[in-house]
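Here is what each chain is made of, one letter per residue.
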Amino acid sequence: MSQINYNDKSPTETDEKAPHHLTVMDVSDYPDDKQVIAENGNIVTVNEVRVAEEAILAESEFTEEEYNRVKRKTDLLLLPLMWWMYGIQQTDKTGLGTMNLYGVQQDTGMHGNQYSLLTVIFYAAYGLFEFPSNVVLQRFNMGKTLTIYMFCWGIIVLCQAFLHSWAPFMVLRFLQGAFECTISPGFNLIIASWYLTREHNARALVFQSANAGWGIVVDLTMYGIAKAAEKHEGGFAAWRGIAVFLGGQTLLAASVAWFMLGTPNEVRWLSKREKLIACARVMSNNAGTDLTGRKTWKWDQVIEAFKDPVMYFQFVNAFMSCVCNGSLTTFGTVINKSFGFTESEVILYTIPRSVVSVLWFVVVGYTTTKIKGTRMYFMMVSCLFPFVGLLVIALLPSDVSYRWIKWGMYLMSVTFVIPMFSAWSLISSNTAGRTKRSVISSMCFIAYCTGNIAGSQVMKAKDAPHYIPGTIAIAACMGVEFVTIVVWRLYLVWTNRRKQAKIEAMGLTQEEIERKGQELGAEDTTDMKNPFFM
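Keep in mind it's a predicted model, so treat the numbers as computed, not measured.

Basis of the calculations
- Residues numbered from 1 in each chain as written.
- Predicted model: local features only at pLDDT ≥ 70, side-chain atom pairs only at ≥ 80, totals over all residues.
- Heavy atoms only, no water.
- Axes fitted to C-alpha atoms, helices over the stretch in contact; angles between N-to-C directions.
- Helix = DSSP H or I, 4+ residues; strand = E, 2+ residues; numbered from the N terminus.
- Parallel < 35°, antiparallel > 145°, perpendicular 65-115°, else oblique.
- Left-handed = near helix turned anticlockwise from the far one by under 90°.
- Contact = heavy atoms within 4.5 Å.
- Core = buried A, V, L, I, M, F, W, Y, C linked by side-chain atoms within 4.5 Å.
- Buried < 20%, exposed > 50% of the residue type's maximum accessible area, 1.4 Å probe, protein only.
- Expected span 1.5 Å × (residues − 1).
- Phe/Tyr/Trp six-rings, centres within 6.5 Å; stacked < 30°, edge-to-face > 60°.
- Lys NZ or Arg CZ within 6 Å of the ring centre and 35° of its normal.

> It is not clear to me how the packing of helix H2 (residues 64-101) against helix H10 (residues 238-260) should be interpreted in this structure. Could you clarify?
The axes of two packed helices give the description: the angle between them and the distance between them. Taken N-terminus to C-terminus, the directions of H2 and H10 make an angle of 160 degrees; their axes are 10 Å apart at the nearest point. The orientation of H2 with respect to H10, classified from their angle, is roughly antiparallel. The interaxial crossing formed by H2 with H10 has left-handed handedness. Of H10, the residues touching H2 (which contributes Leu 77, Leu 78, Leu 81, Trp 84, Met 85, Ile 88, Thr 91, Asp 92, Gly 95, Thr 98 and Met 99) are Trp 239, Ile 242, Ala 243, Leu 246, Gln 249, Thr 250, Leu 252, Ala 253, Val 256, Ala 257 and Met 260.

> For this particular structure, what's the right way to read the side chain of Ser 442?
Within the secondary structure, Ser 442 sits in helix H18 (residues 434-458). Among residues more than four places away in sequence, those in contact with Ser 442 are Glu 130, Phe 131 and Asn 134.

> Got a minute to help me understand the nonpolar core in this structure?
One recurring pattern in soluble globular proteins: nonpolar side chains tend to sit buried together. In terms of nonpolar packing, the biggest core is built from 127 residues, with Phe 169, Phe 187, Ile 190, Trp 194, Leu 261, Tyr 448 and Trp 488 touching the most fellow members. Top element by residues in this core is H2. It accounts for 13 residues. Dropping the residues within four chain positions of it, Tyr 448 is found in contact with Lys 93, Tyr 123, Tyr 126, Ala 318, Cys 322, Asn 325, Met 420 and Trp 424.

> Teacher, can you tell me more about helix H19 (residues 468-506) here?
Note that an α-helix has 3.6 residues per turn; residues three or four places apart therefore point the same way. Look at H19: 58 Å from first C-alpha to last across 39 residues, which is about the 57 Å you get at 1.5 Å a residue. Two residues or fewer after H19 comes Gly 507, characterised by a positive phi angle close to 70 degrees.

> Looking at this structure, how should I read the packing of aromatic side chains?
The relative placement of two aromatic rings is captured by the distance of their centres and the angle of their planes. Applying the stated rule across the entire model yields 24 aromatic pairs. Measuring from centroid to centroid gives 6.3 Å for Phe 162 and Phe 236, while their planes differ by 50 degrees, and the two rings are tilted. Of this pair, Phe 162 sits in the loop between helix H5 (142-159) and helix H6 (166-180) while Phe 236 sits in the loop between helix H9 (210-231) and H10, placing them 74 residues apart in sequence. Overall, Phe 162 belongs to the exposed group, its relative accessible area being 53%. Judged by relative accessible area, which is 45%, Phe 236 ranks as partly exposed. Here the aromatic cluster, defined as three or more aromatic residues joined through ring pairs, consists of Tyr 86, Phe 122, Tyr 123, Tyr 126, Phe 187, Phe 207, Phe 361, Phe 421, Trp 424 and Tyr 448. Between Lys 144 and the ring centre of Trp 258, over which it is positioned, the NZ or CZ distance is 5.0 Å. Taking NZ or CZ as reference, Arg 353 lies 4.3 Å from the ring centre of Tyr 410, over its face.

Set out below in structure tokens:
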């Protein structure tokens, strides 16, 4: 079998730059963190040599049934946990909007734009801590790191139930943003370490569908809490009970995740053989494999990330989508109420919207798995529905008689999350090089934060309760996002055609193409430098 070749000093030499030709058989006496130089010039660690070559050499040793059995086990154990955790994160983040319906502003003495500033400070912290948190995820056990972060923000949400003024609320929202910033990029990295490229979007959409799916459970629970508070007027306020519930569910999920969450080499519920099967299975992605706690930060990949047009497509797409997200998560309940509904009706009538969202996630996830190359087309279509729906809401008269038409148009806007979520999974599918992937992911989530901040400020207090100028603005953002996705896809098609022409000129067999692509991926070669990465 072919071997990946490396150069470094022998373990007894003192000259760090003295070259020595190595294969996997030669590194048994080297420490895991010892750096060696791959044939393509990449600097990798001995641990990367061992794990990557072991996966490459083992790839052909397992049967298709063994691969499918590990995949089914992963689907059964990991995806429901991620679905639950992601749904909790979304409800913790957006629960402020429901708390607002039940008097959080009055009870804490907020006035002017203080309420909207709670969203600004949350996303400011989210963006500020995004890059350093991604470095932490790359350097340490990913499952345990995500669990610790989740436990911390659970305590913070719980503490919000006992506040009586705006200033400490701002402090806690800042801390909440700092700890919540890890879960989305972390989950996308976990998906990339377990699944084939064609499976990324469907699996990512599974946990992302909890944005609406778990939201149904939480909406019903919060509705029950609010009704109970009404019966005991003068007791524990409804919004405080909601905060206790949200914080409690987060702490419970973190406790379960401590024993279950992680990449193939981190989890306890796989045998040693099953871990090797899981790592060998993803080698065909040409992006390497799981290297728990042994990942080297590479500055050349940082530079390449900023030279890659894909990063800027990701940034613009995320920003535009999140202007809409920031507006609707902060002011959606208020806008809904302005149609002519009561506070309790707003919560109940949000449930059909969540159901439609889940169904759309199922359609997109299933179709993109079965039909290759459809992911970005669904992203485009998912921009058009909210573009039309939001414009109609803004242009219809502000009259209660139109409330059900407006509600229907608001229902259409639910698809706006698909372009953002599918773009996140594209980071795993279309980007090779662990450091480069972390950089692009960080920039994407910085756009996520700045977009949400902008979205919360688009809705001006003077435009309440209908917020017509802000609604037109976020509709325009969906139009810009549609154009961005179209140009982005054309660029990717052009890039693939160039690579395909170079591959054909090499005159290699299909087996040689696959093997070379995997070897370069194992050496942590980026997508731009790996001619076989499509």
